[in-house]
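# Fold and geometry: a report
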Amino acid sequence: MALKRGLSSVGVHRNRSSGSRFPIVILVLFSVLAPLVFFVGRGLYISDQSSVQSRYTKQNVDWRERLALQSIKNLFTKEVIDVVTTSTADLGPLSLDSFRKGNLSASWKVIGVEASVEDDATSQSNQKATESKQEMSQIKEGRLLDDDHSSDTPAKILRRQLRDDRRVKQAAELVQQDIEATLKLENAAIERSKAVDSAVLGRYNIWRKEFENDNSDSTVRLMRDQIIMAQVYVSIAKMKNKLDLQQELQIRLKESQRAVGESTVDADLPHSAPEKIKTMGQVLSKAREQLYDCKLVTGKLRAMLQTSEEQVRSLKKQSTFLSQLAAKTIPNAIHCLSMRLTIEYYLLPIEKRKFPRSENLENPNLYHYALFSDNVLAASVVVNSTIMNAKDPSQHVFHLVTDKLNFGAMNMWFLLNPPGKATIHVENVDEFKWLNSSYCPVLRQLETAAMKEYYFKADNPTKSASSNLKYRNPKYLSMLNHLRFYLPQVYPKLNKILFLDDDIVVQKDLTGLWSVDLHGKVNGAVETCGESFHRFDKYLNFSNPHISRNFDPNACGWAYGMNMFDLKEWEKRDITGIYHKWQNMNEDRTLWKLGTLPPGLITFYGLTHPLEKSWHVLGLGYNPSVDKKEIEHAAVVHYNGNMKPWLELAMTKYRSYWTKYIKYDHPYIRSCNLSE
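Cut-offs and rules
- Residues numbered from 1 in each chain as written.
- Predicted model: local features only at pLDDT ≥ 70, side-chain atom pairs only at ≥ 80, totals over all residues.
- Heavy atoms only, no water.
- Helix = DSSP H or I, 4+ residues; strand = E, 2+ residues; numbered from the N terminus.
- Buried < 20%, exposed > 50% of the residue type's maximum accessible area, 1.4 Å probe, protein only.
- Contact = heavy atoms within 4.5 Å.
- Areas by Shrake-Rupley, 256 points an atom, 1.4 Å probe, with all protein chains shown as cover.
- Salt bridge = Lys/Arg side-chain N within 4 Å of Asp/Glu carboxyl O.
- Disulfide = S-S within 2.5 Å.
- Core = buried A, V, L, I, M, F, W, Y, C linked by side-chain atoms within 4.5 Å.
- Phe/Tyr/Trp six-rings, centres within 6.5 Å; stacked < 30°, edge-to-face > 60°.
- Lys NZ or Arg CZ within 6 Å of the ring centre and 35° of its normal.

### Structural notes on the overall build of the chain
Helix and strand counts for the chain stand at 22 helices and 12 strands. Per-residue burial for the chain yields a buried fraction of 36% across its 676 residues. Contacts in the chain between residues far apart in sequence, at least 24 positions, make up 73% of those at least 6 positions apart. Carbon together with sulfur atoms contributes 54% to the accessible area of the chain, which is approximately 42,400 Å² in total.

### Topic: the pattern of salt bridges
Summed over all chains, the structure comprises eight salt bridges. In this structure, glutamate 255 and arginine 252 form a salt bridge, with 3.2 Å as the shortest nitrogen-oxygen distance. Residue glutamate 255 and its partner arginine 252 are both found in helix α6 (residues 243-260); the two are separated by three residues, about one turn of the helix. A residue is classified by how much of its surface remains accessible, and arginine 252, at 24% relative accessible area, is partly exposed.

### Concerning the state of the cysteines
Summed over all chains, the structure comprises two disulfides. Between the sulfur of cysteine 336 and that of cysteine 672 lies a disulfide, 2.2 Å long from S to S. The chirality of the disulfide connecting cysteine 336 with cysteine 672 is left-handed, given an S-S dihedral of about -70 degrees. One end of the pair, cysteine 336, is in helix α9 (residues 332-347); the other, cysteine 672, is in the segment after α22 (667-671), and 336 residues separate them in sequence. Judged by relative accessible area, cysteine 336 falls into the partly exposed class, the value being 23%. Owing to a relative accessible area of 5%, cysteine 672 belongs among the buried residues under this scheme. With its sulfur 1.7 Å from that of its partner, cysteine 529 forms a disulfide with cysteine 556. One quick way to see it: the torsion about the S-S bond of cysteine 529 and cysteine 556 is about -95 degrees, and its sign makes the bridge left-handed. Highlighted residues: cysteine 529 in the loop between β8 (523-525) and α15 (536-539) and cysteine 556 in the loop between α16 (545-550) and β9 (562-566), separated in sequence by 27 residues.

### A short note on the nonpolar core
Judged by nonpolar contacts, the single largest core of 63 residues is most densely connected at Leu400, Leu498, Leu510 and Leu513. Broken down by element, this core gets its largest block of residues, eight residues, from helix α10 (residues 376-388). For leucine 513, the contacting residues outside a window of four places in its chain are Leu498, Met562, Met564, Leu611 and Trp615. Core analysis: the second largest hydrophobic core is formed by 44 residues, Leu435, Met479, Leu483 and Ile575 among them.

### Observations regarding the packing of aromatic side chains
Within this structure, the stated rule accounts for 23 aromatic pairs. A ring pair is formed by tyrosine 367 and tryptophan 514, whose centres lie 5.0 Å apart and whose planes are at 65 degrees; its orientation type is edge-to-face. Placement of the pair is tyrosine 367 in strand β3 (residues 367-372) and tryptophan 514 in the loop between β7 (504-506) and β8, with a sequence separation of 147 residues. The buried category is assigned to tryptophan 514, whose relative accessible area is 14%. Ring centres of phenylalanine 536 and tyrosine 605 lie 5.4 Å apart, and the angle between their planes is 55 degrees; this geometry places the pair in the tilted category. With phenylalanine 536 in helix α15 and tyrosine 605 in the loop between α19 (597-603) and β10 (608-610), this pair connects stretches of sequence that are 69 residues apart. We classify tyrosine 605 as partly exposed; its relative accessible area is 32%. Site record: aromatic cluster; members linked through ring pairs are Phe372, Phe499, Trp558, Tyr560, Phe565, Trp570 and Phe604. Taking the ring centre of tyrosine 345 as reference, the NZ or CZ of arginine 353 above it sits at 4.9 Å.

In structure tokens form, the structure reads like this:
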């Protein structure tokens, strides 16, 4: 009972004290909760503001990304942009600076999502230094971890490995594309360089003013156009009796013509050219206002065009004739030399006109050369160059044949300038009595009326007169040109002989040619056919059944100028008889034009053994792009073509190979004003 009363008394006491403490508890709670509510509300407000700012920043970034993407599309191909897009999910944004991780293309660089692009090298080096210091401190503290992947699951590791493999594959593909693109560009450049025509005549220098731009003659062309229109309006002004305007046009026309002169590029025009253009333009504008009539102007221009075309045709024909004439005419200096030598020869006593070592002329064990020429200087170069490059000159024998006009000069030159220990003999083709019209078809054809008319009558209205002037060459009248088809008759005691033209230069010892096995063939020569050039169809008329039935139009041609002939095999196969047969069939020149190469191709068809090309290099008389290395390594160089080395129209770049074998200090050469 006492315990119950004590408990009840305590309960009563507590009830009383709790009732008195309730306001105090409320006050304490209010003082605690009020600051809490204040700070929570402030935090929510700041968070709200931060999210708003974040959305604004994101919108700004999205706008910049769209602008950058639009610019990038103009710079890179679709394949590159696809790689950037697919790689962003794995690597974060890609920067086009370098892909230096993995030593790949220098166009890519991996950066993190939060990393900033630093453009200057100083900031990059500072960043590397900071990372190095952090790494060293981690090592010292024992806290260096392996990319914090220790807690990754196997699935994450596999995905990361797949991403890495994909990145490496994409980077390798980009590198391969880069290599392929470079190769394509290089191959295209090589093909373009091959297409360049290296055989263009004329001098070229990239430092000349006319090559500074592609339209270096635009001003010249403008002035020439003005001159043409001025000529048209002068004619119309005269027709319409506008005398004042006609006189003004004529004055300006003469001024412009004097200013242009022979100019071909703007750099050649005088400084007053712009003013002349301006003045002429004003006069032409005035003439257009007063005189322009479409029908009249068109008619005048058409008439001027027709006149110009006729002038071009006439000048072209004249140029062809003059070039052929210049190529085949002996220069005055060489003619002078021949005349002086002829006079000296016939003043010599007969006993002094003989050459030594005449016993070698029919010795088949020596090296024999056949040279048929009417040019003393050219023949001297052939002999001198052969002897100077021979290993043993005493083993060489030269058989020269010329005409009666140059017989004395040829003899006198080699009597005054003997070829060392070599043997030389000069003959006159007119003294070969067996070579007459009854035996030789060419001589018989030259005596016909048709051939005389073809060669000697000017302004011939017949068809033959309009044929190519190249074949109306006086050399075809000379038997020196056809004597090559009668070598066994001229040299019956010899087994082999090397035939040389007089427009060649020997640069090496030629004795090796006598040891070349011709495999039973008669003629050893260098072939001249390329892909489609110098084949039989260029020289022979394959529309004629005699030609088409017996020869292949694609058969390879070869060159006269240096030919090794087996004279014994020649006689066995009756080569001269074959030549006579075809020459008789070509009396009307329907099988081939005049010359010795077409009948040579026919006569030695199937009987020619091809020699190495280094024995005989051709083209120095017409081709400005012969390879210099080929020339220097050639045993014989040939000036075939119109630009012979003894003419003024010779190509300067090749002339020195010929002139070095001439003694320009020789008194006869000096007296005739022959110079390099």
